[in-house]
Amino acid sequence: MVLYTKGLRSGIIPFLLTKLAGAGLSMAVFFAFILQASRFDLFQWSEELSRWMYWGLFFGYGIACSFVIDGLTFRLRGFPRLLVKIGLYVIAGFAFFIFKEVNGYTLFAGTVGAACALIFYFGTYASRQNPLFKYIFAVGLPLLFLLAANLDFTKKADWEEERTASSYSASFSYFNGKHEIPVRAKEGQSLTISIGFHRENEGGYGFHMLNDHNQYVGLTEAGGGKWKLSVPKTGVYKWVVTGDGLRGSFEVLWHVEE
């Protein structure tokens, strides 16, 4: 694909920075919405920021589509070129979500995707007009988001815990965020784990398991509120308990079998 000549004349790095600025602006608007929707819960916001799927959408899929659109509209000039590019950005935003099936969710997601795509296009235009805008959204803001994604905004109050070789319990007056409970297991072993919550308010809670690479581990329901894992690789597995403005206590029990 031929890169459009203005980008080549001005240098490949400034040209790429305009694309990064477009991705950075659209991502900033998207995560500003996420922050507002979470009622400014920094923990939830940080967890969403750490999802690499979003980074791949904005900085991978978005930039790739922008290059393709530049190539398709290379020979057009003036107002028709603007209209065609706007249309192609809208299509690109929709296409990612409705490629496999069309339903209420994909239509909504496609609409959000189309809006983000138009914001991306505006970002590439604005970055060519203002160098400060370019560097803020191409470099500064993504670095700030990466920092926030790696910070733990968990908040706890009056946290009291007790751990034994096969159990962990904690009580608290406030818990918003996550708490990790490491359990070491060897390849071929069977790990059975259960958890019980006692809520004293309307706060929410959840749980999942990660391996030592912070990747989600699938569990099999074993009945009676228990979950089972056939350990695929020796290492430390983390049982992650989450709270959403929760007051109360929880207890985790586990058993490892050869």
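Residues numbered from 1 in each chain as written. Predicted model: local features only at pLDDT ≥ 70, side-chain atom pairs only at ≥ 80, totals over all residues. Heavy atoms only, no water.

So, on to the overall build of the chain. Scanning the chain for helices and strands turns up seven helices and eight strands. On the principal axes, the C-alpha backbone points of the chain span a range of 70 × 40 × 35 Å. The buried share of the chain, taken over its 258 residues, is 41%. Intrachain contacts of the chain at a sequence separation of at least 6 include 71% that bridge at least 24 residues. (Helix = DSSP H or I, 4+ residues; strand = E, 2+ residues; numbered from the N terminus. Buried < 20%, exposed > 50% of the residue type's maximum accessible area, 1.4 Å probe, protein only. Contact = heavy atoms within 4.5 Å.)

To continue, consider the nonpolar core. Core analysis: the biggest nonpolar cluster contains 33 residues, and Phe31, Trp45 and Phe145 have the highest contact counts within it. Looking at this core, the elements that each hand over two or more residues are α2 (12–37), α3 (42–49), α4 (52–72), α6 (104–129) and α7 (131–149). Sequence-distant contacts of tryptophan 45, defined by excluding residues within four places in its chain, comprise Phe31, Ile34, Leu35, Phe145 and Ala148. Counting residues in each nonpolar core, the second largest holds 23 residues, with Phe175, Ala185, Leu229 and Val231 among its members. (Core = buried A, V, L, I, M, F, W, Y, C linked by side-chain atoms within 4.5 Å.)

With that settled, consider the packing of aromatic side chains. In total, this model carries 25 aromatic pairs according to the counting rule given. Taking the centre distance of 5.1 Å and the plane angle of 15° together, the rings of tryptophan 159 and phenylalanine 172 count as stacked. You can see tryptophan 159 sitting in the loop between β1 (155–157) and β2 (160–163) and its partner phenylalanine 172 sitting in strand β3 (residues 167–185), a full 13 residues away along the chain. Considered together, tryptophan 159 and phenylalanine 172 belong to a single accessibility category, that of buried residues. (Phe/Tyr/Trp six-rings, centres within 6.5 Å; stacked < 30°, edge-to-face > 60°.)

Here we come to α6. Here α6 is 26 residues long and its end C-alpha atoms lie 38 Å apart, about the 38 Å a rise of 1.5 Å per residue gives. One side-chain oxygen at the N-terminal end of α6 lies 3.0 Å from the backbone nitrogen of tyrosine 105; it belongs to asparagine 103. (Expected span 1.5 Å × (residues − 1). Polar contact = N/O pair within 3.5 Å; in protein donor to acceptor, adjacent residues only side chain to side chain.)

As a further point, take the packing of α2 against α6. Between α2 and α6, the least distance of the axes is 7 Å, while the angle of their chain directions is 135°. Taken together, α2 and α6 sit at an angle that is classed as oblique. In terms of crossing hand, the pair formed by α2 and α6 is right-handed. For the pair α2 and α6, the contacting residues are Thr18, Lys19, Ala21, Gly22, Ala23, Leu25, Ser26, Val29 and Phe30 in the first and Val112, Cys116, Ile119, Phe120, Phe122, Gly123, Thr124, Ser127 and Arg128 in the second. Considered class by class, the residues forming the contact of α2 with α6 number 10 nonpolar, six polar and two charged. (Axes fitted to C-alpha atoms, helices over the stretch in contact; angles between N-to-C directions. Parallel < 35°, antiparallel > 145°, perpendicular 65-115°, else oblique. Left-handed = near helix turned anticlockwise from the far one by under 90°. Nonpolar A, V, L, I, M, F, W, Y, C, P; charged D, E, K, R; others polar.)

Okay, the packing of α6 against α7 next. Running from amino to carboxyl end, α6 crosses α7 at an angle of 135°, the nearest separation of the two axes being 5 Å. By the angle class used here, α6 and α7 are oblique. Here α6 contributes Gly123, Ala126, Ser127 and Gln129 to the contact with α7, which in turn contributes Pro131, Phe133 and Lys134. In terms of residue class, the contact of α6 with α7 is built from three nonpolar, three polar and one charged.

Our focus in this paragraph is the layout of surface pockets. When its volume is computed, the largest pocket comes out at roughly 810 Å³. What lines the largest pocket is a set of 32 residues, and nearest its centre among them are Glu47, Ser50, Lys178, His208 and Tyr216. Among the secondary structure elements, those contributing two or more residues to the lining of the largest pocket are α3, α4, α7, β3, β5 (204–210) and β8 (235–257). Looking at the lining of the largest pocket, the element that brings in the most residues is α3, giving six residues. Taken together, the residues of the lining of the largest pocket sort by class into 11 nonpolar, 12 polar and nine charged. Lining the second largest pocket we find 24 residues, and of these Phe30, Leu57, Phe97, Val112 and Gly113 sit closest to its centre. Counting residues per element, the ones that place at least two in the lining of the second largest pocket are α2, α4, α5 (78–98) and α6. Its residues assigned to classes, the lining of the second largest pocket comprises 20 nonpolar, four polar and no charged. (1 Å grid on protein atoms, 1.4 Å probe; cavity = no way out; pocket = protein on both sides within 12 Å on 5 of 7 lines; lining within 4 Å. Points joined across faces, edges and corners; volume = space filled by probe spheres on them.)

A few words on unusual backbone geometry. At arginine 39, a residue that is not glycine, the phi angle is positive and equals roughly 60°. Residue placement: arginine 39 occurs in the loop between α2 and α3. The exposure class assigned to arginine 39 is exposed, which follows from its relative accessible area of 78%. Although it is not a glycine, asparagine 214 sits at a positive phi angle of roughly 60°. Examined against the element boundaries, asparagine 214 turns out to sit in the loop between β5 and β6 (220–223). A relative accessible area of 48% means that asparagine 214 is categorised as partly exposed.

Within the structure shown, the criterion is met by five salt bridges. Between glutamate 48 and arginine 51 there is a salt bridge, with its nearest N and O atoms 3.3 Å apart. You can call arginine 51 partly exposed: its relative accessible area is 38%. Salt bridges linked by common partners bring Lys19, Asp70 and Lys85 together as one network. (Salt bridge = Lys/Arg side-chain N within 4 Å of Asp/Glu carboxyl O.)

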